[in-house]
Amino acid sequence: MKKILFNCCTAFLALPALINAQGTRTDYARAEQLLNWNASELVIDDAVRPRFMAGERFWYRNRGANGYAFLVVDMATGAKRVAFDHARLAASLSQAADTAYDPTKLPFRDLTWVNNETAIRFSTGKSKSWTCNVTSYACTGPDTLPVTRASESKSPDGKWIVFERGGNLYLKPSDGSAREVALTTDGTPEYGYGFTTGGTNIVTAARNKTESAPSLTWSPDGKRIATHKWDVRAVRQMYLLETRNPGPILHTYRYALPGDSVIPRYELLTIDVGTKAITKIDKGALEVSNTTCCWLTTDTAFKDVKWSPASDRLFFTAGKRSFKELELFSADASSGVSKSVLRETGKTYVETNQNSGGVTNWKPIAGGRQVVWWSERDGWGHLYHVDANTGAILHKITTGDWIVSDLLSVDETLGWVYFTARGREKERDPYFRYLYRAKLDGSAIELLTPEDADHDIAMSPSGKFVIDVYSRPEVPPVSVIRRPDGAKVAELQKADISRLVAAGFRMPRPFKVKARDNSTDLYGLLWFPANFDSTKTYPIVDYIYPGPQVGSLGGRQFRATANGSANALAELGFFAVQVDAMGTPGRSKAFHDAYYANMGDNGLPDQIATIKQLAARHKQIDLDRVGIYGHSGGGFASTDAILRYPDFFKVAVSSAGNHDNRSYDYTWGEKYQGAWKKLSDTTDTFDSQSNWRLARNLKGKLMLSYGTLDDNVHPVATQLVIDELIKANRDFDLVVMPNRNHGFAGEPYWVRRTWDYFVRHLLGVEPPVGYEIRAAGQ
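Residues numbered from 1 in each chain as written. Predicted model: local features only at pLDDT ≥ 70, side-chain atom pairs only at ≥ 80, totals over all residues. Heavy atoms only, no water.

1. Some words on a nonpolar patch on the surface
Together, Tyr239, Leu241 and Leu250 make up a nonpolar patch on the protein surface, roughly 320 Å² of accessible area in all. Within the secondary structure, tyrosine 239 is located in strand S18 (residues 237-242). (Patch = residues over 30% accessible without salt bridge, like charges linked within 9 Å, V, L, I, M, F, W, Y side chains within 5 Å. Areas by Shrake-Rupley, 256 points an atom, 1.4 Å probe, with all protein chains shown as cover. Salt bridge = Lys/Arg side-chain N within 4 Å of Asp/Glu carboxyl O. Helix = DSSP H or I, 4+ residues; strand = E, 2+ residues; numbered from the N terminus.)

2. Section: the environment of asparagine 598
Mapping asparagine 598 onto the fold places it in the loop between helix H7 (589-592) and helix H8 (604-617). The class for asparagine 598 is partly exposed, based on a relative accessible area of 33%. Distance from asparagine 598 to threonine 685, taken between C-alpha atoms, is 9.3 Å for residues 87 residues apart in sequence. Beyond its immediate stretch of four places on either side in the chain, asparagine 598 contacts Gln673 and Ser688. (Buried < 20%, exposed > 50% of the residue type's maximum accessible area, 1.4 Å probe, protein only. Contact = heavy atoms within 4.5 Å.)

3. Quick look at the packing of aromatic side chains
The geometry of an aromatic ring pair is captured by the separation of the ring centres together with the interplanar angle, meaning the angle of the planes. On inspection of all chains with the given rule, the structure shows 32 aromatic pairs. Here phenylalanine 70 and phenylalanine 108 contribute two aromatic rings whose centre-to-centre distance is 5.2 Å and whose plane-to-plane angle is 20°, an arrangement assigned as stacked. Of this pair, phenylalanine 70 sits in strand S5 (residues 67-74) while phenylalanine 108 sits in the loop between helix H2 (86-97) and strand S7 (112-114); the two residues are 38 residues apart in sequence, bridging distant segments of the chain. As far as burial versus exposure is concerned, phenylalanine 70 and phenylalanine 108 are alike and both buried. Taking the centre distance of 6.3 Å and the plane angle of 20° together, the rings of tryptophan 230 and tyrosine 266 count as stacked. Of this pair, tryptophan 230 sits in strand S17 (residues 224-231) while tyrosine 266 sits in strand S20 (residues 265-272), and the two are 36 residues apart along the sequence. Considered together, tryptophan 230 and tyrosine 266 belong to a single accessibility category, that of buried residues. The ring of phenylalanine 163 carries lysine 172 above its face, with NZ or CZ at 5.1 Å from the centroid. Over the aromatic face of tyrosine 191 sits the side chain of lysine 229, whose NZ or CZ is 4.0 Å from the ring centroid. (Phe/Tyr/Trp six-rings, centres within 6.5 Å; stacked < 30°, edge-to-face > 60°. Lys NZ or Arg CZ within 6 Å of the ring centre and 35° of its normal.)

4. Some words on the pattern of salt bridges
A side chain of one charge can pair with a side chain of the opposite charge when the charged atoms of the two come close. Tallied over the full model, the rule gives 49 salt bridges. Between arginine 343 and glutamate 325 there is a salt bridge, and its shortest N-O distance comes to 3.0 Å. Here arginine 343, found in strand S26 (residues 338-345), pairs with glutamate 325, found in strand S25 (residues 325-332); they are 18 residues apart in sequence, far enough to count as distant. A residue is classified by how much of its surface remains accessible, and arginine 343, at 48% relative accessible area, is partly exposed. Between aspartate 606 and arginine 516 there is a salt bridge whose closest N-O contact spans 3.0 Å. Here aspartate 606, found in helix H8, pairs with arginine 516, found in the loop between strand S39 (509-514) and strand S40 (521-527); they are 90 residues apart in sequence, far enough to count as distant. Assessed through its relative accessible area of 0%, aspartate 606 is described here as buried. In this structure arginine 516 comes out as partly exposed when scored by relative accessible area, which is 34%. Each member of the salt-bridge network shares a partner with another, and the members are Asp660, Arg662, Asp684, Asp687 and Arg693.

5. Re helix H9 (residues 633-644)
Here H9 spans 16 Å end to end across 12 residues, near enough to the 16 Å set by a 1.5 Å rise per residue. Of all the 12 residues making up H9, 11 are buried; the element is thus mostly covered by neighbouring parts of the structure. Among the residues of H9, those classed as buried are Gly633, Gly634, Gly635, Phe636, Ala637, Ser638, Thr639, Asp640, Ala641, Ile642 and Leu643. Looking at the buried side of H9, the elements it contacts are H8, strand S43 (621-631), strand S44 (651-655) and strand S45 (701-707). (Expected span 1.5 Å × (residues − 1).)

6. Considerations on the pairing of strand S46 (residues 733-737)
Across five bridges, S45 lies against S46 in parallel orientation. Its bridge partner lying in S46, leucine 704 is registered against leucine 734. The parallel pair S45 and S46, bridged by helix H11 (residues 716-727), forms a crossover whose chirality is right-handed. (Pairing = 2+ DSSP bridges. Right-handed = clockwise from strand over helix to strand, strands pointing away.)

7. Re the packing of helix H1 (residues 28-35) against helix H12 (residues 748-763)
Packed helices, taken two at a time, are described by the angle between their axes plus the distance between the axes. Put simply, H1 and H12 touch, their axes get as near as 13 Å, and they point 135° apart. Relative to H12, the element H1 is oriented oblique. The two elements H1 and H12 meet at a crossing, and its hand is right-handed. The residues of H12 that touch H1, namely those facing Tyr28, Ala31, Glu32 and Leu35, are Val751, Trp755, Asp756 and Val759. (Axes fitted to C-alpha atoms, helices over the stretch in contact; angles between N-to-C directions. Parallel < 35°, antiparallel > 145°, perpendicular 65-115°, else oblique. Left-handed = near helix turned anticlockwise from the far one by under 90°.)

8. Examining the sheet that holds strand S30 (residues 393-396)
Taken in spatial order, the four strands make up an open sheet running S27-S28-S29-S30, and their pairing is antiparallel. Edge strands, defined here as strands with exactly one partner in the open sheet, are strand S27 (362-365) and S30. Between one strand axis and the next, the sheet turns by 25° as a mean value, whatever way the strands run. Where strand S29 (residues 382-387) and S30 come together, three bridges link them in antiparallel fashion. Of the residues in S30, the one forming a bridge with histidine 385 is histidine 395.

9. Focus: the sheet that holds strand S34 (residues 445-447)
Spatially, the four strands line up as an open sheet ordered S31-S32-S33-S34, and their pairing is antiparallel. Strands at the two margins of the open sheet, each flanked by one partner only, are strand S31 (403-411) and S34. With strand direction ignored, the average angle separating the axes of adjacent strands in the sheet is 25°. By the bridge criterion, seven bridges tie strand S32 (residues 416-422) to strand S33 (residues 433-439) in an arrangement that is antiparallel. Across the sheet, the residue bridging to tyrosine 418 is arginine 437, located in S33.

Structure, rendered in structure tokens:
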């Protein structure tokens, strides 16, 4: 399940503004311009995103006052230089490609340094790749070989590549000096080695020919890989129909649902890449669960399996389908014999990180004799120093009413553990991340990034430097280099948003309100309408993503929260609001578990409490005109809102919603709703969360949408709601997106239809007919 905001770029089109009976101005053209400022050229010297190089350096692409440039930074001094002569490269590439290229806007965003950093390799799109020497500026190409293959996993020394094909793993030298060699031969597409999927997006990947790196991890000495053999042979088959002329195409894929008797399983193993010897870990077939969201792997990283520093032992977690139990094991890499290190249990679900897609917060140290382990056993996520032989807790590294966010590194020589955390700095936003270090024995903890802001941290591979980008929702980013003790080496740049503000961009206003219990603090953002007049009233539109793996805001960085969709809605004449309700991560375990086994809650009581409190503070908010929208889990929640609270929410827009989690991936529904159990011939434990059972409650305006090739949330989830609305004789609107998968929320057509719906039904204005939001560059 992914949280998706409107996401498309725009060209500014002249269009007269619309004005409703209350005098509210609705300007589609300006809303379009603001919709995706993230893809615009309106921010100068934005956040630095380092790509690390040898010699304590990194490169990044930066938008300066006069255009884009690739820069190289020496971390020891903070000195910056241009990576190459942009004018010479543009001239050479223009001649070679017979196309005119602007040196301030070269036709690539990413690059790979090759030939000992004497050349760069990049793609200009449409499968065209080039190699340009940055000394002679000779460019060769184009060729159809990708700059880097996502399907390949390189050894630590870069000399060998492992890739997956047809369920088997193959080895080849990275320099192409020899032919590939099969590491496995008995794999099949449904019982194969190194698969990365947890059951979703299979049809999408196949149609788009998307490459994914195999799920494996190299030993530090590069002699072995650890991987798994993935078994979905008897898992339920699902079906999707692709719209084609003259006839449709049927797609099938394996996908387990809550309550299914068969779910994916996997066997762990190691492979000696020199001898090709396979050693199976002695745990047999393990049930697929996850320790963070979502599925087994995150971003194709084999995140729950880690090597000891000496490459002789393999550490891995094994969960149960109930998600209430997680065990850490250590196995001999040569024999496959394993032993239990520790076991975590919980009343709801056990995780190793609250962050969606976050790293697993544990790490073998001391040659594999000890482990730094993250646990919520005391109600907050903290780090523990554990004896890997006995499982005994040697020290509690961190403690208190705050949460460790990400474990970054361990300096074993000096005994420091580096991590980000939230909530420790009192009287500040508890969602702000800060960088800390603590002694392994728990005797000391130090704040390394004191600025009152959210700190996005990237540590250099050596651990000698930290790139810290700090910002707030209403304050643009500052990028600095620090040493491990927090001392600043240099301020690299500070974002200039003057052009963005001139274009009409509005800063959000952070707020704090009380949750449904009138005790717990909630934090969110409010955007005021354009041309705000304190003597008038305005409707309010709530963007919702209920979690439980991420909240509506998702983060506290300027770029993450000062989003274009909210600004666009404000430009159209609405208050726009986002709040992280109870049941979302980043706080205590109890806060995260707030509606466990009751997913129909969706945090909606907190959304309502928030809007009512904001209306008490700002009398211009009209509580009779409240709208709500969301995609995926937000689509589930927005429909739930208008059906469960029909007298409060008057308009809802819902796309790709998992409206009944019985029809969604079991690792989602069973993790957050609990095990599926039949209660009677007509009821079960998932009844309370299904939207279709509430269809008869509809009073307001509801627009639904789904993609016909959505292999994440199957179309049947929305179709169940449609069927019940028809049975109840309720009027609603429907947009079917042919051949779209799950990620269509940012399509210009759907964004425009969403705007139209709120403008028509909350502002009382007829939107412009057929207004076209144009994609970037059009």
